[in-house]
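Architecture and fold: a report
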Amino acid sequence: AQSVTQPDIHITVSEGASLELRCNYSYGATPYLFWYVQSPGQGLQLLLKYFSGDTLVQGIKGFEAEFKRSQSSFNLRKPSVHWSDAAEYFCAVGERNTGKLIFGQGTTLQVKP
Amino acid sequence: EAEVAQSPRYKITEKSQAVAFWCDPISGHATLYWYRQILGQGPELLVQFQDESVVDDSQLPKDRFSAERLKGVDSTLKIQPAELGDSAMYLCASSLALGSSTDTQYFGPGTRLTVL
């Protein structure tokens, strides 16, 4: 069965430091992969997505993610974190035929001044 | 910029009462999704509509939950009777085309339900 694991429930980084959020997936075929961000009390906003091609994907707000098939991973990175990046981040895999998204449990990012 | 609208934003109810949530997707979006997000977890799909038809409701607790999208535009999710375990954020999302993962799903702000 398809699944997504985000190993880190909570991460704290200092403003200006680099960030990497981990995501591992289980999917039978080549996956469609997504990262969403959710600010407190808000809905989800798409940061980036991977369908095929270049395994390094650029997204909004300076985020990027790298698809590594051999590791079944799709980690999210940002070179320099801003205080406004504090939020909850969700990795998801999309079922090809239905569009259904299967989400990980999320990683809460706290940014220290 | 077009957005998915949801109401109410917050709902407090007592167990055994009926509650209803409304979602208005982005104009022209054929696919509509309802997700439930329990605190500390990722969203889980409850029901997916393609126009007015249900595509997937396998995770919808049908003894108490119902969903409709009568004219293929806006949608209502109902819970009757509500139980304590139903406390969660209910998110609506829409996408342009038929059930394709290559289409971006746009999420509304959600309805936060608290059952007392």
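Here the structure is a predicted model, which is why all the values come from computation and not from measurement. (Residues numbered from 1 in each chain as written. Chains lettered and ligands numbered in written order. Predicted model: local features only at pLDDT ≥ 70, side-chain atom pairs only at ≥ 80, totals over all residues. Heavy atoms only, no water.)

Here we look at the confidence of the model for chain B
Which entries qualify depends on this criterion: Scored between 0 and 100, pLDDT is the confidence that the predictor attaches to each residue. The helix count covers DSSP runs of H or I at least four residues long, the strand count covers runs of E at least two residues long, and both are numbered beginning at the N terminus.
With 97% of its residues at a pLDDT of 70 or more, chain B has an overall mean of 93. Put simply, strand β6 (residues 53-56) of chain B is where chain B has its lowest mean pLDDT, 92, and strand β8 (residues 75-79) of chain B is where it has its highest, 98.

Thoughts on the pattern of salt bridges
Residues and elements named next belong to chain A. Note the cut-off: By salt bridge we mean one thing: a side-chain nitrogen of Lys or Arg within 4 Å of a carboxyl oxygen of Asp or Glu. Exposure is judged per residue with a 1.4 Å probe applied to protein chains only, and the accessible area is read against the type maximum: over 50% gives exposed, under 20% gives buried, and values in between give partly exposed.
Going through the model one piece at a time under the given rule, you end up with seven salt bridges over all chains. Arg77 serves as the salt-bridge partner of Glu64, at 3.2 Å between the closest nitrogen and oxygen. You can see Glu64 sitting in strand β8 (residues 64-68) and its partner Arg77 sitting in strand β9 (residues 73-78), a full 13 residues away along the chain. Residue Arg77 is classed as partly exposed on the basis of its relative accessible area, which comes to 23%. Of the charged contacts in the structure, one is a salt bridge between Arg77 and Glu66, with a shortest N-O distance of 3.2 Å.

Quick notes on the environment of Tyr35(B)
Which entries qualify depends on this criterion: We call two residues in contact when some of their heavy atoms are within 4.5 Å. Definition of a polar contact: a pair of N or O atoms within 3.5 Å, with one able to donate and the other able to accept a hydrogen when the atoms are protein atoms, and with sequence-neighbouring residues admitted only if both atoms are side-chain atoms.
Secondary-structure assignment places Tyr35(B) in strand β4 (residues 31-37). Distance in space between the C-alpha atoms of Tyr35(B) and Cys92(B) is 6.2 Å, their sequence separation being 57 residues. In this view, Tyr35(B) contacts Leu101(A), Phe103(A), Pro43(B), Glu44(B), Leu45(B), Leu46(B), Met89(B), Tyr90(B), Leu91(B), Ala93(B), Gln105(B) and Phe107(B); residues no more than four positions away in its chain are not counted. Of the polar contacts made by the side chain of Tyr35(B), one reaches the side chain of Gln105(B); its length is 2.9 Å.

Remarks on the state of the cysteines
Cysteine pairs can be covalently joined through their sulfur atoms, and such a bond is termed a disulfide. Residue and element names in this part refer to chain A. Applicable threshold: Any two cysteine sulfur atoms within 2.5 Å of one another count as a disulfide.
Evaluation of the coordinates by the stated rule reveals two disulfides over all chains. Covalent S-S linkage joins Cys23 and Cys91, the inter-sulfur distance amounting to 2.0 Å. One disulfide, between Cys23 and Cys91, carries an S-S torsion of -65° and so falls in the left-handed class. Here Cys23, found in the loop between β3 (19-21) and β4 (24-26), pairs with Cys91, found in strand β10 (residues 87-94); they are 68 residues apart in sequence, far enough to count as distant. Judged by relative accessible area, which is 0%, Cys23 ranks as buried.

Quick word on the pairing of β6(B)
Residues and elements named next belong to chain B. For the record, the criterion: Between any two strands, at least two bridges found by DSSP are needed for them to pair.
Bridge count for strand β5 (residues 44-50) against β6 is three bridges, and the pairing is antiparallel. Pairing of Gln50 across the sheet is with Ser53, part of β6. Counting the residues in the hairpin turn of β5 and β6 gives two residues, including Asp51, whose phi is positive at 55°.

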